[in-house]
Amino acid sequence: MPKLPGIFVSVAAYCEPHLHLTIHQLFAKAKHPQRIHVGLVDQSEQLNPEWLKQFPARKNINYVGLSPVDSRGVSWARAIAFSLYNDQDYLLQIDSHTLFDQDWDELLIEQFKQLKNSHPKPLISTYPPGFRFDSQGRAVADEPLKSDEIFFIDRDPASVLTADRAVLQFRVVRKQAYPAEMTHLPGFHVGACFLFTTGDFTQQVPYDPYLYFRGEEQSLSLRAHAKGYQVFHPRHNLIPLYHLYKEVGKVYEGQHWHPEMDAKRHTAFGWLQQRSNARTHALFTPGADLGVYGIDSPVHFESFCKLSGIDYLGRTTVPVKSDS
């Protein structure tokens with residue numbers, strides 16, 4: 001019997017109350033749970049929790065526990081998670097508050113193989129549909145009936161570039177599949193909470209630990225493009241997982257920048273974000289050298305600008321003021 005392909009699942013958790021649910025679903029809903037291998041970075045005040053010690057698939061979880069006071073943000077934690085990769089065939093990156101459909105592993109591998117017929121390095125990614133907890137505390141999908149619309153990620157039109165800031169915001173734009181049998185639409189931007197491709201992505205596009213939160217996905221998107229990956233956004237009914245979205249404007253204890261936790265740190269999140277913004281600015285400025293966290297050739301930068309339709313080059317040009 002042929003060996004099943006292994007899937008490395010990268011999970012970075014920060015003071016996450018739903019981590020147990022996510023890890024349980026990850027294995028319980030897999031068609032072949034024995035092929036799932038998790039790289040878990042748990043930034044929590046209660047490390048090595050009892051449920052994890054007793055978890056049936058504990059041997060398949062490579063665990064790193066860190067104090068949230070010492071945390072440097074999501075990109076830093078994801079970089080550590082990538083270091084736990086151990087030559088598995090595929091990579092799935094998710095957030096620590098995620099639900100799954102039954103046989104999610106088989107569904108994603110089948111999609112990947114289909115896409116590989118048209119591109120050598122497909123990368124399946126989007127912002128997945130959401131879930132919530134009902135009045136009885138049960139996790140339920142926001143949209144139980146899935147559509148055939150493609151979850152395409154595009155730039156938020158309200159988010160603009162400036163000469164000294166390259167960080168943008170992005171959103172899902174639902175597009176009708178055309179022709180009707182289309183399953184995935186080529187794109188340019190990855191969603192960090194759902195990313196599926198080959199495992200060697202962890203080596204070819206290593207996470208930049210000096211980024212904080214904003215700019216994380218832009219860095220991955222440009223650098224993946226430079227390494228020959230093509231982003232594909234799937235149809236709603238082909239996305240086998242769900243994300244717990246936070247309410248905009250509301251402060252949560254599970255946010256890295258929560259005032260109470262930030263007050264305990266020697267390095268405030270404001271400085272981390274400022275450094276991250278400067279780093280994203282450098283990445284999207286021709287000629288900057290960020291080593292393995294940059295790109296090898298300006299040709300890739302120019303082709304990414306053309307692919308995305310975002311004029312990163314133009315933002316560095318100061319317009320000439322008219323005397324009239």
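Refer to the structure presented above.
The numbers attached to residues start from 1 for each chain and follow its sequence in the written order. Selection of residues for local features in this predicted model requires a pLDDT of at least 70, selection of side-chain atom pairs for listing and counting requires 80 or more, and totals for whole chains, interfaces and linings are taken over all residues. The basis for the side-chain values is all heavy atoms of the structure; hydrogens and waters are excluded.

Participant: Explain the sheet that holds strand β2 (residues 36-43) to me, using residue names and the numbers behind them.
Facilitator: Note on pairing: two strands pair once DSSP finds at least 2 bridges between them. Numbering goes from the N terminus for both helices and strands, where a helix is a DSSP run of H or I of at least four residues and a strand is a run of E of at least two. What the eight strands build is an open sheet, ordered β3-β2-β1-β4-β12-β6-β13-β11; its pairing is mixed. Of all the strands in the sheet, just β3 (61-66) and β11 (184-187) have a single pairing partner and so form its edges. The mean inter-strand angle of the sheet, taken between neighbouring strand axes irrespective of direction, is 20°. Each axis is a line fitted through C-alpha atoms, taken for helices only over the stretch in contact, and angles between the N-to-C directions span 0 to 180 degrees.

Participant: Now, about the pattern of salt bridges: what can you tell me, with residues and values included?
Facilitator: By salt bridge we mean one thing: a side-chain nitrogen of Lys or Arg within 4 Å of a carboxyl oxygen of Asp or Glu. On inspection of all chains with the given rule, the structure shows twelve salt bridges. In this structure, Asp 105 engages Arg 35 in a salt bridge whose closest nitrogen and oxygen atoms are separated by 3.1 Å. On the criterion of sequence distance, the pair formed by Asp 105 in helix α4 (residues 104-116) and Arg 35 in the loop between α1 (19-28) and β2 is long-range, its members being 70 residues apart. Here Asp 105 matches Arg 35 in class, with each residue buried. Residues Lys 227 and Asp 296 are paired through a salt bridge, measuring 3.6 Å at the closest nitrogen-oxygen approach. Of this pair, Lys 227 sits in the loop between α6 (216-226) and β13 (230-234) while Asp 296 is found in the loop between α8 (269-283) and α9 (298-308), placing the two residues 69 residues apart along the sequence. Exposed residues in this analysis have more than 50% of their type's maximum accessible area, buried residues have under 20%, and partly exposed residues fall in between, with area computed by a 1.4 Å probe over protein chains only.

Participant: Give me the lowdown on α9, citing residues and values where you can.
Facilitator: Within α9 the residues assigned to the buried category are Phe 301, Phe 304, Cys 305 and Ser 308. Down the axis of α9, the buried set is contained in an arc of 100°. They therefore lie on one face. Turned more than 90 degrees away from the buried face of α9 sit Val 299 and Lys 306, all of them exposed. Looking at the buried side of α9, the elements it contacts are α6. Capping the start of α9 is the job of one residue whose side-chain oxygen sits 3.1 Å from the backbone nitrogen of Val 299: Ser 297. Think of it as the arc spanned by the lines of direction from the helix axis to the C-beta atoms. Residue contacts are defined here by distance: any two heavy atoms, one from each residue, within 4.5 Å place the two residues in contact. Between N or O atoms, a polar contact is any pair within 3.5 Å; within protein, one atom must be a potential hydrogen donor and the other a potential acceptor, and residues adjacent in sequence are included only when both atoms are from side chains.

Participant: Mind laying out the packing of α6 against α9, listing which residues take part and the relevant values?
Facilitator: Put simply, α6 and α9 touch, their axes get as near as 9 Å, and they point 115° apart. When the axes of α6 and α9 are compared, the crossing they make is right-handed. The residues of α9 that touch α6, namely those facing Ser 221, Leu 222, His 225 and Ala 226, are His 300, Phe 301, Ser 303, Phe 304 and Leu 307. Per-class residue counts for the contact of α6 with α9 are five nonpolar, four polar and no charged. Left-handed is the label given to a crossing in which the near helix is rotated counterclockwise from the far helix by less than a right angle, and right-handed is the label when the rotation is clockwise. In this classification, Asp, Glu, Lys and Arg are treated as charged, Ala, Val, Leu, Ile, Met, Phe, Trp, Tyr, Cys and Pro as nonpolar, and every other residue, Gly included, as polar.

Participant: How would you explain the packing of aromatic side chains if you had to name every residue and give the values?
Facilitator: When two rings of Phe, Tyr or Trp (its six-membered ring) have centres within 6.5 Å they constitute a pair, described as stacked for plane angles under 30 degrees, edge-to-face for angles over 60, and tilted for the intermediate range. Within the structure shown, the criterion is met by 18 aromatic pairs. Taking 6.5 Å as the distance between ring centres and 25° as the angle between the ring planes, the aromatic pair formed by Phe 304 and Tyr 312 counts as stacked. Classification of Tyr 312 by relative accessible area gives buried; the value is 1%. Lys 121 extends its terminal NZ or CZ atom over the ring of Tyr 229, reaching a point 4.3 Å from the ring centre. The rule for a charge over a ring is simple: NZ of Lys or CZ of Arg within 6 Å of the ring centre, and within 35 degrees of the ring normal.

Participant: Residues and numbers for the side chain of Arg 235, please.
Facilitator: The residue Arg 235 is located in the loop between β13 and β14 (241-243) in this model. Separated by 3.0 Å, the side chains of Arg 235 and Asn 237 make a polar contact. Once residues within four sequence positions are removed from consideration, Arg 235 is found in contact with Asp 148, Glu 149, Ile 150, Ala 177, Ala 180, Glu 181, Met 182 and Thr 183.

These values are about where atoms sit, not about what they do.
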